[in-house]
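Topology and contacts: notes
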Amino acid sequence: MRFSRLLGRSLKEAPSDAECISHSYLVRAGMIQQVSTGVYSYLPLGWRAFRKIENIIREEMDAAGGQELMMPSLQPMELWEKSGRLPSFDKTLFTLKDRKGHVMALGPTHEEIITDLVRHTVQSYRDLPQLLYQIQNKFRDEPRPRGGLLRVREFFMKDLYSFDADDAGLDESYGKMVQAYKNIYSRCGLSAVMVEADSGAIGGKASHEFMLLVESGEDEIIFCPACGYAANIEKATSIKPAGKNEAMLAVEEVATPGLRSIDEVAGFLNITTDRTLKSVFYVCDGQVVFVVIRGDFEVNETKLKNVLKCTEMHMATEAEVQQTGIVAGYASPIGLEGIKIVADDSVKLGSNFVAGANKQDTHLKNVNFLRDFKADMIVDIAKARAGDPCPRCQKPAKTERGIEVGHVFKLGTFLSEKLGAYFLDREGNYKPVIMGCYGIGLGRLLAAAIEQNHDEKGIIWPLPIAPFQVYLCPIKDDAADVARAAEKLYNNLTAIGVEVLFDDRPESPGVKFNDADLIGIPLRIVISPRTLRENAAEIKWRKEKDSQHLPLEGLAETIKSILSKALDASP
RNA sequence: CGGGGUGUAGCGCAGCGGCUAGCGCGCAUGGUUUGGGACCAUGAAGUCGGUGGUUCGAAUCCACUCACCCCGACCA
């Protein structure tokens, strides 16, 4: 490709709305352009990188036994009503009306469609297993798109759905996909970690996410360097350190004027926060729930939502709290009636806690679980903490941030039952197909790759997903011999299948070098009067500082073998 | 959905009652340059987000509205 013909130009200044690196560089390098909130066009350069990723994913899906197919974005609401997942998608679902007033949805995912498809095509255990996938755009009206390509409303996703006759089959399909995913990230030149995950709106049983670890990531993970335990913070557990276990003392009131937060109260009474009980209120499907947890822990809302089995949950507003008669800031589970109380199991770890008195400016000392208050549920709803012991091996756990670039689920049979995807097994029994689903967001993976691979000058593409492999950069190309040598090398490289971006623009060296760094093509070749004096060209990797000179003689072949060596060596 | 913010040339911004709306980058033409975002000259490019109002006069003040951004809620 000749740079002079390439659509899109680089920008010196980042768009003012770019808050993360990948967004800024993608726009500055002329790879994407925003069309609307969370809606982007890909320009040729960005699309080439995208297609590299897409091809790697397709190859791995095929290698794992997947069959590619295509399903519509336009989906009838009836299928969503049938599957019962409408409430969990709710406003996230884009809907529209056809000319007859019939409501349709723009598919946020395709489990409903594929299950319906399988219902018509799979009748016998002989038709199973099936691994079916698609690489298509999906639509979700996100409450808040952000970060350029990291969280958008229209996005490309590879989704594979597995259909098996029994649990052993599901385990096997799941295992194949986990391996395929590891292959994909590694072939893209990226290092991803697999973590245990909450299954969220998709529903189902076991679930894992694949994370690219970057500081700017919006997900937090807990991991154990000693045994390898790793989980999304939404799912993670850690061992809660026991508090002081003393003989129970009599409850007494203590005046705490104006002190509302745990830190203020603990500071005032000169005790540590693990000697206190914290009260938090949520509204779950319209019902107020009182949550009590030891003061040094935070509530993990995902866990809470799961134990309450509710579809909509939010922190109670001031007004909602007051309606229940609770005194905000001084709330207490003691003597509370008519409200569901959920206690974290940390309230059992310790004694003689300080808790609210349900009375303005007052707390209670020496509060003990069971003696002074009870709970409707006593469960683990605490956020796991770095530093606390790992649940597997008891060594201290650590925390990292990451970007979710893949998610796999064991769905089980709830969708096949709802949508009627049944088969006859060997014994003639009528059974629901057992499902799994496995998704990768392509645009997000592209952006995450940049978050993980860049410097202050620009992108540093891993070779396998770079839009071009080589940036050919003649300098002083009004000198006839430079132009001639560059043209020749460009033709030779192209002829043997090397992907070259040929910077044939009449620009100064500084402009070309800076664009080369910004766009981030892995290998840069410079031809100038200086190199021609030695009958050579300068070769430099984007990720490295130093360059070397190689003879022009047979250079195209030399470059090709350097590239294939590098591709083989990539992680 | 709550709070905050921004809409002026392709991009980044200034102008915030006074008449022909500016700057930098980019773009076009010509010339001089050429190993890390060169320089000179000339030039093209704007319904000042939209609607309505106040005023002799509105990019500027007011109201409404739309779009976009940030924080939170929420969310693969």
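Before going into details, it helps to say that this report is about the structure given with it. (Residues numbered from 1 in each chain as written. Chains lettered and ligands numbered in written order. Predicted model: local features only at pLDDT ≥ 70, side-chain atom pairs only at ≥ 80, totals over all residues. Heavy atoms only, no water.)

1. Observations regarding the sheet that holds strand β15 (residues 287-294)
Within the open sheet, the five strands sit side by side as β16-β14-β15-β17-β20. Their pairing is mixed. Every other strand in the sheet has two partners, leaving β16 (313-315) and β20 (377-379) as the edge strands with one partner each. Averaged over all neighbouring strand pairs, the angle between strand axes comes to 30 degrees, with direction disregarded. (Pairing = 2+ DSSP bridges. Helix = DSSP H or I, 4+ residues; strand = E, 2+ residues; numbered from the N terminus. Axes fitted to C-alpha atoms, helices over the stretch in contact; angles between N-to-C directions.)

2. Considering the protein's contact with RNA strand B
Contacts to RNA strand B come from 45 residues, most closely from Arg144, Lys305, Asp517, Ser528 and Glu538. Of what RNA strand B places within 4 Å of the protein, 56% of the atoms are sugar or phosphate. Within the side chain of Ser36, one N or O atom sits 2.7 Å away from a phosphate oxygen of RNA strand B. One nitrogen or oxygen atom from the side chain of Arg530 is found 3.0 Å from a sugar or linking oxygen belonging to RNA strand B. Counting residues per element, the ones that place at least two in the surface near RNA strand B are β1 (32-36), α8 (301-308), β16, β21 (398-412), α13 (509-519), β29 (523-527) and α14 (529-533). Top element by residues in the surface near RNA strand B is α13. It accounts for seven residues. Residue composition of the surface near RNA strand B, by class: nine nonpolar, 12 polar and 24 charged. (Near = heavy atom within 4 Å. Polar contact = N/O pair within 3.5 Å; in protein donor to acceptor, adjacent residues only side chain to side chain. Nonpolar A, V, L, I, M, F, W, Y, C, P; charged D, E, K, R; others polar.)

3. As for the packing of helix α2 (residues 44-63) against helix α6 (residues 167-187)
Remark: α2 packs on α6, axes separated minimally by 9 Å, with the N-to-C direction vectors making an angle of 150 degrees. Accordingly, the angle class assigned to the pair α2 and α6 is roughly antiparallel. Of the two possible hands of crossing, α2 and α6 adopt the one that is right-handed. Along the contact surface, α2 presents Ile56, Ile57, Glu59, Glu60 and Met61, while α6 presents Met177, Ala180, Tyr181, Asn183, Ile184 and Arg187. Residues that form the contact of α2 with α6 fall into these classes: seven nonpolar, one polar and three charged. (Parallel < 35°, antiparallel > 145°, perpendicular 65-115°, else oblique. Left-handed = near helix turned anticlockwise from the far one by under 90°. Contact = heavy atoms within 4.5 Å.)

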